[in-house]
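Listed below, chain by chain, are the residues.
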Amino acid sequence: MATQGGIEAPKGTADWLPRQVATRAAIIAEAAAIFERAGYEQIETPVFEAAELFKRGVGEATDIVEKEMFTFEDLGGRHMTLRPEGTAAICRAYVQHGMHKLPQPVRLWYAGPFFRYEAPQAGRYRQFSQIGAEAIGTESPLADAESISMLDTLLRELGVPGVELGLGSLGSPETRATYRIELQEYLRAHAGELSEEVKRRIETNPLRAFDAKDPGTNAVMEEAPKLLDRLSESDAAHLAEVEKLLGALGVDYRIDPTLVRGLDYYSQTVFAFTCDRLGAQSEIGGGGRYDGLVAELGGPPTPAVGWAAGLERIAIALEEEPAAPERDVFVAAVEPAQRVRAAALVDELRRKGLSAELDLAGRSVKGQLKQANRINARHTVILDEDGTAQLKEMTSGEQRQVATADVLDELLK
Ligand code: HAM
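It should be emphasised that the depicted structure is a prediction, and the values quoted were computed from it without experimental measurement.

The rules behind these values
- Residues numbered from 1 in each chain as written.
- Predicted model: local features only at pLDDT ≥ 70, side-chain atom pairs only at ≥ 80, totals over all residues.
- Heavy atoms only, no water.
- Helix = DSSP H or I, 4+ residues; strand = E, 2+ residues; numbered from the N terminus.
- Rg over C-alpha atoms; globule rule 2.2 N^0.38 Å.
- Buried < 20%, exposed > 50% of the residue type's maximum accessible area, 1.4 Å probe, protein only.
- Contact = heavy atoms within 4.5 Å.
- Areas by Shrake-Rupley, 256 points an atom, 1.4 Å probe, with all protein chains shown as cover.
- Lys, Arg positive; Asp, Glu negative; His and termini not counted.
- Charge placed at Lys NZ, Arg CZ, Asp CG, Glu CD.
- Phe/Tyr/Trp six-rings, centres within 6.5 Å; stacked < 30°, edge-to-face > 60°.
- Lys NZ or Arg CZ within 6 Å of the ring centre and 35° of its normal.
- Salt bridge = Lys/Arg side-chain N within 4 Å of Asp/Glu carboxyl O.
- Domains from an automatic or database assignment.
- Pairing = 2+ DSSP bridges.
- Axes fitted to C-alpha atoms, helices over the stretch in contact; angles between N-to-C directions.
- Parallel < 35°, antiparallel > 145°, perpendicular 65-115°, else oblique.
- Nonpolar A, V, L, I, M, F, W, Y, C, P; charged D, E, K, R; others polar.
- Near = heavy atom within 4 Å.
- Polar contact = N/O pair within 3.5 Å; in protein donor to acceptor, adjacent residues only side chain to side chain.

A. Representation of the overall build of the chain in the model. Counting secondary structure elements, the chain contains 14 helices and 16 strands. Relative to the compact-globule value of 22 Å for 413 residues, the chain shows a C-alpha radius of gyration of 28 Å, a clear excess of over 25%. Principal-axis analysis of the C-alpha atoms places the extent of the chain at approximately 95 × 50 × 45 Å. Here the chain holds 413 residues, and the buried ones make up 48% of them. Nonlocal contacts in the chain, meaning residues at least 24 apart in sequence, comprise 69% of its contacts between residues at least 6 apart. Looking at the chain as shown, the accessible area adds up to about 20,500 Å², and 52% of this sits on carbon and sulfur atoms. Taking the 46 positively charged and 65 negatively charged side chains of the chain as two groups, their mean positions are separated by 4 Å.

Okay, here's the thing in structure tokens:
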């Protein structure tokens, strides 16, 4: 609802109301349990970083760096960027803290806000949240399969419906470089049928043509040579091993020869989970291998694999709001004079670990009982003038008199 003359949250951002916070906290808790069982530890990096990190890490020719970063100059004249993604920052932290000296791989997970200046629409925001996991310091296909399987498990345990996993490979940087030349030649030969955007990017980022939305480009790309058919023997063996392991772990997937991702750091395995409940922004999570990123950021050559999933998109796909929270006790006072007693009792109940509330609005007894219902109290204590108390069990409606001194014991039973 628009407020008159008021200030609203910026376009593409949203408030999380208490019930939404609860849904999201539950999703993060589920993810945390899966991560911890697999030996992942939580890391937190700053919300802003040097702009240079993402230019180098994510790639100058990507949509993210070209047009989606919130970059500002701080008062010291440095270029800072609100993080558009987590992987580059985590690799920065890995290098900065000498984590290559720890037993490898270093397994890290994270959850938090990210920022991209995208056109807002359902499921696409300028501030959004990701949960992600990175295994740094391993080239084993076992790590790829473990990583993919964790996201599969998470979506399954949460009960997200209509999920599909697409799997592909971008091969080694050498494979990709040779293929890139072949694809550029093909695109130049079909330049007349391509969108302006794709044409403009033939020289800088030809692979993105596979993600184009216009029918002309799509028709051209259907016939285009596919990187998957150009994989070297060792690239193909890596992918075959990942496939075999996914089979063994019971993860369903489909090979997608057109799967390219919006970040430049990927090599070998790439994957994306889509959900048919999400409309146009159907990707719920995705990732892949980034064997060159740590070295790109000044660390030793360090292969790695990981993914991130959109928290808002998971919540949309689940579509369910959790039930309103319940409270243990509401303490009602018959006479205003009993309110001091009520406050003391509420305080004592809270100290014993129960959730307890009392009326703060000067309601009548009837109004107080209504309020107890509204907040889903399991029990209501009604303090009488004569110093006794009634204990009411709200679901059954059963009510009995107890001595004030015994209220606590009765409730703790
Ligand atoms: P990404 O595919 O750019 O990958 O983002 C991961 C997920 O974040 C997407 O699948 C989507 O659910 C969510 N997401 C992205 N942009 C938005 C947006 N504007 N609004 C709402 N949700 C969004 C990465 O960020 C990589 N760092 C993943 C990764 C980790 N690769 C290796 N390790």
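B. Representation of the packing of aromatic side chains within the structure. Applying the stated rule across the entire model yields 10 aromatic pairs. A centroid spacing of 5.7 Å and a plane angle of 35 degrees characterise the contact between F35 and W307, whose relative ring orientation is tilted. Within this pair, whereas F35 is found in helix α1 (residues 18–37), its partner W307 is found in strand β11 (residues 304–310), the two being separated by 272 residues in sequence. Neither F35 nor W307 differs from the other in exposure class; each is buried. Geometrically, the ring pair formed by Y110 and F114 is edge-to-face, given 6.2 Å between the ring centres and 65 degrees between the ring planes. Each member of the pair, Y110 as well as F114, carries the same accessibility label: buried. Put simply, the rings of F35, Y40, W109 and W307 touch in pairs and so form one group of aromatic residues. Across from the ring centre of W16, 4.3 Å away, lies the NZ or CZ of R24, which sits over that ring. Above the face of the F114 ring, R83 is positioned so that its terminal group lies 4.2 Å from the ring centre.

C. Inspection of the environment of L278 at higher detail. Its location among the elements puts L278 in the loop between β9 (269–275) and β10 (283–289). Its relative accessible area of 8% is what places L278 among the buried residues. Note: C-alpha distance between L278 and I314 (36 residues apart in sequence) is 9.1 Å. Once residues within four sequence positions are removed from consideration, L278 is found in contact with E283, I284, R313, I316 and A317.

D. Examining the pattern of salt bridges more closely. Enumeration according to the criterion identifies 32 salt bridges in this entry. A salt bridge links R230 to E182, with the nearest nitrogen and oxygen atoms 2.6 Å apart. With R230 in the loop between α8 (215–222) and α9 (233–248) and E182 in helix α6 (residues 173–189), this pair connects stretches of sequence that are 48 residues apart. A residue is classified by how much of its surface remains accessible, and E182, at 26% relative accessible area, is partly exposed. Among the salt bridges present, the one from E410 reaches R400, with a minimum N-O distance of 2.9 Å. Of the two residues, E410 sits in helix α14 (residues 407–412) while R400 sits in strand β16 (residues 399–403), which places them 10 residues apart along the sequence.

E. Layout of unusual backbone geometry. Cis geometry marks the peptide bond from Q104 to P105, where omega comes out at -5 degrees. Mapped onto the elements, P105 comes out in the loop between α4 (87–96) and β5 (106–115). The phi torsion at Q268 lies on the positive side, around 55 degrees, for a residue other than glycine. Its location among the elements puts Q268 in the loop between β8 (254–255) and β9. Phi angles above zero are rare outside glycine, and N376 is one such case at about 60 degrees. For N376, the position within the fold is in the loop between α13 (365–374) and β14 (377–383).

F. Representation of the domain arrangement of the chain within the structure. Each assigned domain of the chain is listed here: domain 1 (18–171 + 231–318) and domain 2 (327–412). Inter-centroid distance (C-alpha atoms) of domain 1 to domain 2 is 49 Å.

G. View of the pairing of β16. In this sheet, β16 lies alongside strand β15 (residues 388–393) in antiparallel orientation, the contact comprising 5 bridges. From the neighbouring strand, A389 faces β16, where its bridge partner is V402. What sits between β15 and β16 in their antiparallel hairpin is a turn of 5 residues, with G397 showing a positive phi close to 80 degrees.

H. Broad picture of the packing of α1 against helix α11 (residues 311–318). Put simply, α1 and α11 touch, their axes get as near as 10 Å, and they point 105 degrees apart. Relative to α11, α1 is oriented roughly perpendicular. Contacts from T23, R24, I27 and I28 of α1 reach α11 at L311, E312, I314, A315 and L318. In the contact of α1 with α11, the residues fall into 6 nonpolar, 1 polar and 2 charged.

I. View of the site of the ligand. Neighbouring the ligand are 27 residues; E85, E134, R261, Y266 and E283 lie closest to it. Note that a nitrogen atom of the ligand is positioned 3.0 Å from one of the side-chain N or O atoms of Y265. Between the ligand and I284, the relevant distance is 3.0 Å, taken from an oxygen atom to a main-chain nitrogen or oxygen of the residue. For the ligand, whose unbound accessible area comes to 660 Å², protein coverage reaches 96%. For the shell around the ligand, the elements supplying multiple residues, two or more each, are β6 (127–136), β10 and β11. Residue contributions to the shell around the ligand peak at 6 residues, all from β10. Partitioned by chemical class, the residues of the shell around the ligand number 10 nonpolar, 9 polar and 8 charged.

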